[in-house]
Amino acid sequence: MPTTRETVLAALHARLQPLAALTLRDEVLPERIPAAGLIILRDGQPGEPEVTLSPLRYHYQHMAELEVVVQAGTGRASAFDDLTTAIGTALEADRTLGGLCDWVEPEAPASVDLPIEGAVALKAAVITVVLHYTTTGPLA
């Protein structure tokens, strides 16, 4: 049976699948970026939990990361904005990922333009997504 951490991360990945951009999990950056953009979910770190006793519970603020990349000759900023807006809309539609976590909160992206020799430049950012969830143990 998967851990709570894995269940929540899989639900986050599934939540992003309907977007037009290709959504991967823990993959390397492919050689070609799809026209609709690319999202790579990185598992991130669960961090140090708050612990409550009786009953014993571990409350995590897990910092997952979304690597968001678009590649376009013109309209790159607009395409990037459209993709980040779509991610926000998808997450706001279900802030508990079907009841699997207490709250999902994306942080604002800090984007960069990356020139590629002999190709159209990329616009990319890492969006941290804070996943609040509770487990019965650090390995549960």
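Check the entry above for the structure.
A. Quick peek at unusual backbone geometry. Going from Ser54 to Pro55, the amide bond is cis rather than trans, its omega being 0°. Structurally, Pro55 is set in the loop between β3 (50–52) and β4 (57–71). Not every positive phi belongs to a glycine, and Asp26 is a case in point at roughly 50°. Take Asp26: it is sitting in the loop between β1 (22–25) and β2 (38–45). With relative accessibility at 38%, the residue Asp26 sits in the partly exposed group. A positive phi angle, near 50°, is found at Leu97, a position not held by glycine. The exposure class of Leu97 is buried, given its relative accessible area of 5%.

B. Seen up close, the nonpolar core. If you look at the biggest cluster of nonpolar residues, it comprises 28 residues, and the most contacted ones within it are Leu12, Leu66, Ile87 and Leu131. When contributions to this core are tallied by element, the ones reaching two or more residues are α1 (4–16), β2, β4, α2 (76–92) and β7 (122–135). Of the residues forming this core, the biggest block, 6 residues, is contributed by β4. Sequence-distant contacts of Leu131, defined by excluding residues within four places in its chain, comprise Val8, Leu9, Leu12, Tyr60, Gln61, His62, Ala64, Leu97, Trp103 and Val104. Of all hydrophobic cores here, the second largest spans 7 residues; its members include Leu24, Leu38, Val69 and Leu122.

C. Looking closely at the packing of aromatic side chains. One pass over the full model with this rule turns up 1 aromatic pair. Sitting over the face of the ring of Phe80, Lys123 holds its NZ or CZ atom 5.9 Å from the ring centroid.

D. Just α2, in detail. Here α2 spans 24 Å end to end across 17 residues, near enough to the 24 Å set by a 1.5 Å rise per residue. Among the residues of α2, Phe80, Leu83, Thr84, Ile87, Gly88, Ala90 and Leu91 are the ones counted as buried. All buried residues of α2 lie within an arc of 165° about the axis, which places them on one face of the element.

Basis of the calculations
- Residues numbered from 1 in each chain as written.
- Predicted model: local features only at pLDDT ≥ 70, side-chain atom pairs only at ≥ 80, totals over all residues.
- Heavy atoms only, no water.
- Helix = DSSP H or I, 4+ residues; strand = E, 2+ residues; numbered from the N terminus.
- Buried < 20%, exposed > 50% of the residue type's maximum accessible area, 1.4 Å probe, protein only.
- Core = buried A, V, L, I, M, F, W, Y, C linked by side-chain atoms within 4.5 Å.
- Contact = heavy atoms within 4.5 Å.
- Phe/Tyr/Trp six-rings, centres within 6.5 Å; stacked < 30°, edge-to-face > 60°.
- Lys NZ or Arg CZ within 6 Å of the ring centre and 35° of its normal.
- Expected span 1.5 Å × (residues − 1).
- Arc of directions from axis to C-beta.

Everything listed here is a matter of geometry and, on its own, says nothing about what the molecule does.
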